[in-house]
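Analysis of the macromolecular model
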Amino acid sequence: MQSRRNFVKWTAAGLPLLGFVRGAMGREIKKGKKPIVVSTWDGRSVNNAAWETMRSPDMTALDAVEAAARSIEATINCCVGLGGNPDRDGIVTLDACIMDHQFNCGSVAGLERIKHPISVARKVMEDSPHVMFVGAGAQQFALEQGFQLESPQLSETANKTYQEWLKTSEYKPIINIEQTQSRSGKGGPAAPSFLPDGSFNHDTMGTIALDSEGRLSGACTTSGMGFKMRGRVGDSPIIGSGLYIDNEVGAAVATGQGEEVIRVSGTHMIIEFMRQGKSPMKACKKAIERIYKINPSKARKFQVGFIAIDSCGVYGAYSLQPGFSYALKYEDGAGVLKEAESLLK
Ligand code: ASP
């Protein structure tokens, strides 16, 4: 199987973007990219969807991140949308949230049989006085807003995986496809999983974008952990855990073991570190260190990855375990896939 390291394409120079240049008198001047789109995992195709949207003059970063999430929700993959893996009772439940540059935000959790949870989250944000809807109420809201009720049937791939899982019915949360494979392997870096058509099996898709007008926005969409207990909600639809935006400071989004991200309000913490002057990468690293410090031996068994951009378009990422990739798109660069530095080697 193709290794993740071969799969990851580095920038032409093979160097990370430092984000700072020296100006007159040696003062550091931030040099970011604007506009820019950054997504978790191999989000190159979702970044393209965001980019195409942002090119239209009347479209904003918010439209772009919604388009990005919709594009992955429409595909069959393990971890996002109705084709994703079900909970342990065999039901697919979706979590998503969206946030703009003015602290407007919307979220849905445990949403069933609706194809585009991200668009329902946007409706929550724009057409309700609330921030978050869950379960049956979220579905009712979606239907009232004109979304269509889809079939409850599992995708062929998800059904196969579920039937396999039923043989042991281990009620342990399975964190993500990379972790599953690395655990069953020899403990080396996690190998990526490819679908029969050669595309990559995503985990939670988180996208953050800065448009040319300087507006930051973010979206996060997932079917959550495969075979989770019924009713379990992870970090992804929780504002401040899975996603946070403060336009004065930056944007951050998370993937990985949701419980551990919720415990520290991961993305909100990253924004606060950035507010104190940390670069996006350092801020992500500090949040990972905080998670690790809670219980270092437990932290060896799960993955968390963060990506962030600041209001100048400087980006960064960091993960707990190796193997966390993220995708970038900006004006003078083709779609780039990078691997984040990790705390554990
Ligand atoms: N963060 C997601 C959750 O806990 C899972 C993932 O990103 O793999 O539901």
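Below: a short report on this structure. (Residues numbered from 1 in each chain as written. Predicted model: local features only at pLDDT ≥ 70, side-chain atom pairs only at ≥ 80, totals over all residues. Heavy atoms only, no water.)

Here the focus is the overall build of the protein chain. Across its full length, the protein chain holds eleven helices and 14 strands. Counted over contacts in the protein chain with a minimum sequence separation of 6, partners at least 24 positions apart contribute 64%. Carbon and sulfur atoms form 51% of the exposed surface of the protein chain, whose accessible area is close to 15000 Å². (Helix = DSSP H or I, 4+ residues; strand = E, 2+ residues; numbered from the N terminus. Contact = heavy atoms within 4.5 Å. Areas by Shrake-Rupley, 256 points an atom, 1.4 Å probe, with all protein chains shown as cover.)

So, on to the pairing of strand 9 (residues 243–246). Of the two faces of strand 9, the one carrying Leu 243 and Ile 245 and the one carrying Tyr 244 and Asp 246 are both buried. Where strand 9 and strand 10 (residues 250–256) come together, four bridges link them in antiparallel fashion. If you follow Leu 243 over to strand 10, its bridge partner there is Val 253. The loop that links strand 9 with its antiparallel partner strand 10 comprises three residues. (Buried < 20%, exposed > 50% of the residue type's maximum accessible area, 1.4 Å probe, protein only. Pairing = 2+ DSSP bridges.)

Moving on: the nonpolar core. Residues Val 38, Ile 208, Ile 270, Phe 306 and Ile 309 are the most contacted members of the largest nonpolar core, which totals 48 residues. Here Val 38 is in contact with Asn 47, Gly 206, Thr 207, Ile 208, Ile 307, Ile 309, Tyr 315, Tyr 326, Ala 327 and Leu 328, once residues within four sequence places are set aside. (Core = buried A, V, L, I, M, F, W, Y, C linked by side-chain atoms within 4.5 Å.)

Before going further, it helps to examine the site of the ligand. Near the ligand lie 13 residues; those nearest to it are Thr 204, Arg 232, Asp 235, Thr 255 and Gly 256. Here a nitrogen atom of the ligand sits 2.7 Å away from a polar atom, N or O, in the main chain of Gly 256. Note that an oxygen atom of the ligand is positioned 3.0 Å from one of the backbone N or O atoms of Gly 258. Coverage of the ligand by the protein amounts to 98% of the 270 Å² it exposes when considered alone. Here the residues of the shell around the ligand sort into two nonpolar, eight polar and three charged. (Near = heavy atom within 4 Å. Polar contact = N/O pair within 3.5 Å; in protein donor to acceptor, adjacent residues only side chain to side chain. Nonpolar A, V, L, I, M, F, W, Y, C, P; charged D, E, K, R; others polar.)

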